[in-house]
Amino acid sequence: MTAAVTVLALLLTALPAFRLSAQVDRTKPPALPPPPALRLPAVQTTTLPNGLTLAVVEMHKVPVVDVQLLVDAGAARDPSTAPGLATFTATMLQQGAGARSALDVADEAAFLGAQLGTAATFDGASASIHVPRRRLEAALDLFADVVLRPSFADSEIARQRELRAAQLVQQRDEPVAVASIAFPAIVYGRGHPYGHPLNGTDSATARLARDGVAEFYGTYYRPNGARLLIVGDVTLADARRLAAARFGGWERRDVPAFPSPPTPPRAAARTVYLIDKPGAAQSVVRIGHVGPVRTTPDWFALEVLNTIVGGAFTSRLNQNLRETHGYTYGAFSQFAPRRLNGAFVALASVVTAKTDSSLVEFLKELRRIRDEAVPPPELAKAKAYLTLGLPGDFETTGGAAARFRELLAFGLPLDYYDRYVDRINAITGADVQRVAREYIDPDHFDIVVVGDKSQIEAGIKALNEGPIVYRDLWGQEIR
Amino acid sequence: MMARIATATAVVFGLLCARPPVPLSAQSLRVPYQTFTLPNGLQVIVHEDHSVPVVAVNTWYHVGSSDEKPGRTGFAHLFEHIMFMGSQHVQTGEFDRLLEAAGADNNGSTSEDRTNYYEDGPANALPLMLYLDADRMGFLLPEMTAEKVDLQRGVVQNERRQSYENRPYGLAEENILERLYPASHPYHWPVIGSMADLQAASLEDVRQFFQKYYTPNNATLAIAGDITARDARQLVERYFGDIPRGPAVTRTPPPPVPVAGVVGAVLEDRVQLPRVYDAWHTVKAFSADDATLDVLANVLAGGRSSRLYRRLVYELQIATDVVAFQDGGRIDGKFEVYATARPGHDLGELQRVIDEELRKLADQAPTPREVERAQNTVEAQFLSRMERVGGFGGKADQLNFYNYFVGTPDYFQKDLERYARVTPAAVQRAVQTYLTGGHRVVLSVVPQGKPELAVKEGVTP
């Protein structure tokens, strides 16, 4: 410190504020008052005569509304000949609807200040719109056109097909995208509803045509089994009136049952799948296998387990690979919440030269969580992180919508979060160890590495953690 | 902007906010606050919002990559990482552990102009957040070691690999900056810095940087959420009151940015599809034409009904995407357009269309609807930002932002009004003034071994 600064600091000691603060004890963190009581916004539901479930959450702080429509039209429904059809159909909803052209739809959304989105995951399709309250009616008119009256004009199908073909080319440059496609392809296999690429393949894209899209839409976009969630500055009565006027005429029709294939077996033995990316500065790592369904009663224990292993910044994987070793910018893990068995995955992008060392640390942590009891302070921290952080998730309309959307998507009880804190707090160290042993199985991991083979292969081989198998950018065998 | 922990892709392109022609249900955007300054110079801004029982603590240090010395690019951001490595009374790792055990999250980020840190969590955790922030402001150096610096150096170098070197087109930005600004200009290098400079950073650099910039008089602290201003003030006085004031920070004015002709450059990258970047020197944040250039960016490439998207992606189908944005910093600004070619198309084709569209806008103002659409879009973004007290871009962060950039924390409504005043004629003038003629960088990023796909020399709009 410079002399001038010291003098100034001494002068300031004469001020009363300083004397007060001089009493502060910095040797230990302050004891905190009890956490605030959980106050969650209430969700109210009603069902329209055509079977559409309407869920409304009133939040009046800011004059905005978030609307989400969940439709049972996910990519798990893709015909085996048409991987990518569900996501393509969702994209096509916006390319002309009702009396509006594709450009009109985009122009109207922007003019209303509305963020309009349509997308599909494996488990379902969704349409969403987020808009200032005073433009809600016009936004819902647009939204209803998009969902109920898509045009699927041949010219627009061709346009989006060509765009998607180019995007698939671009995707090959992005190692994280490559890993995200290869990992499920390897874990589930191509025959499973979760095993194909969400956005399809080059050849399937080339075959996309109006008939297939219209048929997929006509089969799966039905009000029965769909859920409309409206969160924000609107009353239940208004929401109901607005929704009924626009979605009441949506025609119901039986939707085929969601696929229920047998759970794919875990790998016969731990295997490393290497996807070559010459010149890559990092290796993208995905380690895991098939896991539980979202609705398992073990989910609360799994949330605690994952928070300890890789769900938060101070979780073991990140502390080890990032904060202790500096191999990565971040290492995490997840049990994917899915209708069918989701996957457990541990992941990071690690510096090329430390790819083998990183795998050693990954495996060490994923074995340790099974073999050793979790120390009580670590368990308490994980539970506190999950429970005390809950109110913040309901601060914004988008945040609250995401939380309630999860309940609707998986058919979980709508009072789920009222009981959430008690359920998490009831989890014991023994529970965590039990689910770790049941749902994390290092002997049967699929280890997917996208990186520079010439730099990393020898090191991985020397680990002796399983055979190395080479795969292409789609996770498929190299012919 | 570099963040300590990876976040979902931040929407940094596009507009801040706008006021529609019709007033917003006669409701103006207000974020009431109280402010006070401790004797050591720490300015504190407190905003009460009792809607949800959470609190956000947001600290801005008025130092960024533009303050770095030659040979130490990336240091401000590396230092941000080091701020989480423990301090005299908080052991390494405890900062994060204590916050998570209280149900709180935290992060930090560095830009050219400032470094910010936040903690968000349940309202009862406020004393802990302030205790931790005060300890690293007042007592960072006693426990600082070369090992801590080495460790975060490794993390940051991996951040550079993950976000730049191993990401397609990730090295474009630094190639633009070094051509747009002269070597002596503080925006000449990227926030992440170079690998070599990161490697060179020493413990002594950490000491000097801390003593010069991480002082209470070079910081502002915003607290927002379910707390009372009185409690907040007491706690701040308790934890920050005895931290000594540091030397005043002085900065020399940046050198002028030379106005020359078109600077063409070609970068070969591990990509399948070539991409062209156009970058112009424009104006700094909040100067007269800054909001106008935001609206122009929206007219050009904001959404699928924008001019460039319609031409390049929708009608001609020669590009997969197009992006435009005005990036106004505290001391300077730039405007960028970039577009990625589809297979079988070269960048000259894209560049010709971009130039054509710019010329059209220079010749004839956009329609009133195009401007209104941009204004409505940004008004909605602005409203949504009012929902959150914490995080990057939440109310606490925004109070600090306005306070540093314009000197008024509750500048929300005034900022909105900047956009309301933008007219079609002003957008046309902005194109004429900034985007036609003068200094422009045209960077072609092409697949390795395919320089023939680049824009040829001599393009002029």
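Residues numbered from 1 in each chain as written. Chains lettered and ligands numbered in written order. Predicted model: local features only at pLDDT ≥ 70, side-chain atom pairs only at ≥ 80, totals over all residues.

Asks: Just checking my understanding: could you explain the overall build of chain B for this structure?
Replies: Counting secondary structure elements, chain B contains 15 helices and 12 strands. Relative to its length of 461 residues, chain B is compact, with a C-alpha radius of gyration of 23 Å against a globular reference of 23 Å. When its C-alpha atoms are laid out on the principal axes, chain B stretches across 60 × 55 × 40 Å. Taking all 461 residues of chain B together, 57% fall into the buried category. Long-range contacts, defined here as pairs at least 24 residues apart, represent 81% of the contacts in chain B between residues at least 6 apart. (Helix = DSSP H or I, 4+ residues; strand = E, 2+ residues; numbered from the N terminus. Rg over C-alpha atoms; globule rule 2.2 N^0.38 Å. Buried ≥ 20, exposed ≤ 12 C-beta atoms within 10 Å, placed from the backbone. Contact = placed C-beta atoms within 7 Å.)

Asks: I tried to follow the interface of chain A and chain B on my own but got confused; where do I start?
Replies: Interface size is often expressed as the accessible area that is lost when the parts come together. Chain A puts 80 residues into the contact, and the matching count from chain B is 76 residues. With seven residues, helix α6 (residues 154–171) of chain A is the single largest residue contributor to the side of chain A that touches chain B. Here the side of chain A that touches chain B is composed, by residue class, of 47 nonpolar, 19 polar and 14 charged. (Nonpolar A, V, L, I, M, F, W, Y, C, P; charged D, E, K, R; others polar.)

Asks: I tried to follow the environment of A:Gly84 on my own but got confused; where do I start?
Replies: Residue and element names in this part refer to chain A. Its location among the elements puts glycine 84 in the loop between β3 (64–71) and α3 (85–92). Given 23 C-beta atoms within a 10 Å radius, glycine 84 is considered buried. Setting aside residues up to four positions removed in sequence, glycine 84 forms contacts with Asp78, Pro197, Asn199, Gly200, Ala204 and Thr205.

Asks: Whenever I open this one, the domain arrangement of chain A confuses me. Can you help?
Replies: All names here are of chain A. What the domain assignment reports for chain A is domain 1 (43–247) and domain 2 (271–471). Measuring from the centre of the C-alpha atoms in domain 1 to the corresponding centre in domain 2 gives 29 Å. Contacts between the two partners involve 30 residues from domain 1 and, on the opposite side, 27 residues from domain 2. For the side of domain 1 that touches domain 2, the elements supplying multiple residues, two or more each, are β1 (43–47), β2 (53–58), β3, α7 (175–188) and β6 (227–232). Looking at the side of domain 1 that touches domain 2 element by element, the count peaks at 10 residues for α7. Each residue belonging to the side of domain 1 that touches domain 2 can be placed in one class, and the counts come to 22 nonpolar, five polar and three charged. (Domains from an automatic or database assignment.)

Asks: What am I meant to see in the packing of helix α14 (residues 376–388) of chain A against helix α17 (residues 416–425) of chain A here?
Replies: The relative placement of two packed helices comes down to the angle between their axes together with the axis-to-axis distance. All names here are of chain A. Taken N-terminus to C-terminus, the directions of α14 and α17 make an angle of 180°; their axes are 10 Å apart at the nearest point. Taken together, the axis directions place α14 and α17 in an arrangement best described as roughly antiparallel. Between α14 and α17, the residues in contact are Lys383, Leu386 and Thr387 and Val421, Ile424 and Asn425, respectively. Classifying every residue of the contact of α14 with α17 by side-chain character gives three nonpolar, two polar and one charged. (Axes fitted to C-alpha atoms, helices over the stretch in contact; angles between N-to-C directions. Parallel < 35°, antiparallel > 145°, perpendicular 65-115°, else oblique.)

Asks: Which parts of the structure should I look at to understand the confidence of the model for chain A?
Replies: Detailed reading of the predicted coordinates is not advisable wherever pLDDT falls low. Counting all residues, the mean pLDDT for chain A is 94, and 95% of those residues have values of 70 or more. A low-confidence stretch, residues 1–21 of chain A (pLDDT under 50), is modelled with 30 contacts involving residues beyond four sequence positions or located in other chains. (pLDDT = per-residue confidence, 0-100.)

Asks: So what exactly am I meant to see when it comes to helix α4 (residues 102–111) of chain A here?
Replies: An α-helical segment advances 3.6 residues per turn. Residues three or four places apart therefore align on the same side. Of all the 10 residues making up α4(A), eight are buried; the element is thus mostly covered by neighbouring parts of the structure. Inspection of α4(A) places A:Ala102, A:Val105, A:Ala106, A:Asp107, A:Glu108, A:Ala109, A:Ala110 and A:Phe111 among the buried residues, and these make up the whole buried set. Looking at the packing, one finds that the buried side of α4(A) touches β4 (115–120), α5 (136–148) and α6 of chain A together with α12 (368–385) of chain B. Just downstream of α4(A) lies A:Gly113, where phi reads positive at about 65°.

Asks: Just to check I follow, could you spell out the domain arrangement of chain B for this structure?
Replies: Residues and elements named next belong to chain B. In terms of domains, chain B is made up of domain 1 (2–11 + 32–240) and domain 2 (262–453). Centre-to-centre separation of domain 1 and domain 2, based on C-alpha positions: 28 Å. The interface of domain 1 with domain 2 comprises 36 residues on the first partner and 32 residues on the second. If you list the elements that add at least two residues to the side of domain 1 that touches domain 2, you get β3 (43–48), β4 (54–61), β6 (115–122), α5 (172–180) and β7 (219–225). Among the residues forming the side of domain 1 that touches domain 2, the class breakdown is 19 nonpolar, 11 polar and six charged.

Asks: What am I meant to see in unusual backbone geometry here?
Replies: Leave glycine aside and you will find that most residues have negative phi; peptide bonds, for their part, are mostly trans. In this structure, A:Asn464 takes a positive phi of about 60° despite not being glycine. Mapping A:Asn464 onto the fold places it in the loop between α19 (453–463) and β12 (468–471). Judged by C-beta crowding, with 7 C-beta atoms within 10 Å, A:Asn464 ranks as exposed. Even without being glycine, B:Gln317 reaches a positive phi, approximately 55°. When you line up the elements, B:Gln317 lands in the loop between α10 (307–315) and β10 (319–328). Since 16 C-beta atoms lie within 10 Å of it, B:Gln317 is described here as partly exposed.

Asks: Before we go on, may I ask you to explain the sheet that holds strand β9 (residues 328–335) of chain A in this structure?
Replies: Strands in a sheet are paired, the pairing made by backbone hydrogen bonds, and the direction either parallel or antiparallel. One open sheet accounts for six strands, arranged β9-β10-β8-β11-β7-β12 (chain A); its pairing is mixed. The open sheet has two edge strands with one neighbour each: β9 and β12 of chain A. Mean inter-strand twist for the sheet, computed between neighbouring axes without regard to direction, equals 20°. Inspection of the sheet shows β9(A) paired to strand β10 (residues 343–351) of chain A by six bridges, in the antiparallel sense. Bridge pairing links A:Ala331 to A:Ala348 in β10(A). Seen against the sheet, helix α4 (residues 146–165) of chain B touches β8 (282–290), β9 and β10 of chain A and runs at an angle of roughly 75° to β9(A). (Pairing = 2+ DSSP bridges.)

Asks: Honestly, the sheet that holds strand β5 (residues 105–110) of chain B in this entry has me stumped. Any pointers?
Replies: Residues and elements named next belong to chain B. Across the sheet, seven strands lie side by side as β1-β5-β6-β4-β7-β3-β2; this open sheet has mixed pairing. Only two strands of the sheet have a single neighbouring strand rather than two, namely β1 (2–3) and β2 (34–37). By the bridge criterion, six bridges tie β3 to β7 in an arrangement that is parallel. Among the inter-strand pairings, glutamine 43 is bridged to a residue of β7, identified as threonine 220.

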